[in-house]
Amino acid sequence: MSVLQIHNLSKSYGKIKALNDVSFDVSSGSVFGLLGPNGSGKTTLLSIILDILGPDAGSYSWFGQPSTHVHRQHIGSLLETPNFYHYLSAVQNLRVTQSISQRGDEIAIENVLKTVNLYDRRNSRFSTYSLGMKQRLAIAAALLGNPKVLLLDEPTNGLDPVGIAEIRDLIKGLSAAGHTVIMASHLLDEVERICDHVAILKFGQLITSGPVQSVLADEDCYLLNANDQEVLASVMQNFPGISRVSKTTDGLECYFKIVDIAPESINQYCFTHDLVLSKLVQKKKRLEEKFFELTAQP
């Protein structure tokens, strides 16, 4: 079941095309990564589906229906840097948020603070919080009312490795608890670690979308070594399904058009050509490599 369906969304700012005919679906229970370099249209897209901006063309639906205020109550969001009163405590700040959004109550405030692991610091002033704690409090505010969907724009931006790990674990926990999470980020490694689905934007256009593993699975790559690298390279050029070979300092990288190729078949092929492999290691293409391939300038 899709919680969000986007159909041919377009948005321009003067001559700048922020979004150009973008379409994709987000399935219930997924952690969906919206990935792209600066200026790709991520924040514009999030602003449209939150009814902050209107599209020039196209449409979107929440839970199979056109967006309404009722549907908006089931969506929590973090679109900007946390904006709280520095002299108020976490509880006091969430009370302000609750009175504005009309979502949740005093018990809900306690529950979301426990969820983001800030309950022990609930009475501390916001000014005493680290950047990671401030970001977790912002996610707590988005969780008020127990929304079905969370929209997070760059949730780990500016955080140190400890803060990034905390937010990563928090998002995984929210997903396990049944929330659908849509996360825009330029931190490619984080998207790969957290998300199960991804959409990649470039200059307002959708380049590709789908399960993370499917997006990465255009080619299988194995790292090979043998006593004679030149002979190995020559032999592997004729392997059935080979797309390219690349010599590196670590060995010969062999890329195959066939996904999930058996390493035993590579080893047997080399053996029949009088080559004994000293190394045969699968090297998965990381999302970062794929991302730069897809978004590189023509």
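This one's a predicted model, so the numbers in the text were calculated from it and none came from an experiment. (Residues numbered from 1 in each chain as written. Predicted model: local features only at pLDDT ≥ 70, side-chain atom pairs only at ≥ 80, totals over all residues. Heavy atoms only, no water.)

A. The packing of helix α3 (residues 90-101) against helix α5 (residues 131-143), seen in detail. Close contact between α3 and α5 brings their axes to 10 Å; oriented N to C, the two are set at 35°. The two elements α3 and α5 meet at a crossing, and its hand is right-handed. Across the interface between the two elements, A90, L94 and T97 of α3 pack against L137, A140 and A141 of α5. In terms of residue class, the contact of α3 with α5 is made up of five nonpolar, one polar and no charged. (Axes fitted to C-alpha atoms, helices over the stretch in contact; angles between N-to-C directions. Helix = DSSP H or I, 4+ residues; strand = E, 2+ residues; numbered from the N terminus. Left-handed = near helix turned anticlockwise from the far one by under 90°. Contact = heavy atoms within 4.5 Å. Nonpolar A, V, L, I, M, F, W, Y, C, P; charged D, E, K, R; others polar.)

B. Representation of the environment of D105 in the model. For D105, the location among the structural elements is in the loop between α3 and α4 (106-115). For D105, a relative accessible area of 42% corresponds to the partly exposed category. When the C-alpha positions of D105 and G145 are compared, they lie 8.0 Å apart, and in sequence the two are 40 residues distant. Looking at D105, its side chain comes within polar contact range of the main-chain nitrogen of I107, at 3.2 Å. (Buried < 20%, exposed > 50% of the residue type's maximum accessible area, 1.4 Å probe, protein only. Polar contact = N/O pair within 3.5 Å; in protein donor to acceptor, adjacent residues only side chain to side chain.)

C. Quick look at the packing of helix α9 (residues 229-236) against helix α10 (residues 263-272). In the contact formed by α9 and α10, the axes pass within 11 Å of each other and the chain directions differ by 115°. Judged by the angle between their axes, α9 and α10 are roughly perpendicular. Viewed along their axes, α9 and α10 form a crossing whose handedness is right-handed. Across from L232, V235 and M236 in α9, the residues of α10 making contact are I266, Y269 and C270. Grouping the amino acids of the contact of α9 with α10 by side-chain chemistry returns six nonpolar, no polar and no charged. (Parallel < 35°, antiparallel > 145°, perpendicular 65-115°, else oblique.)

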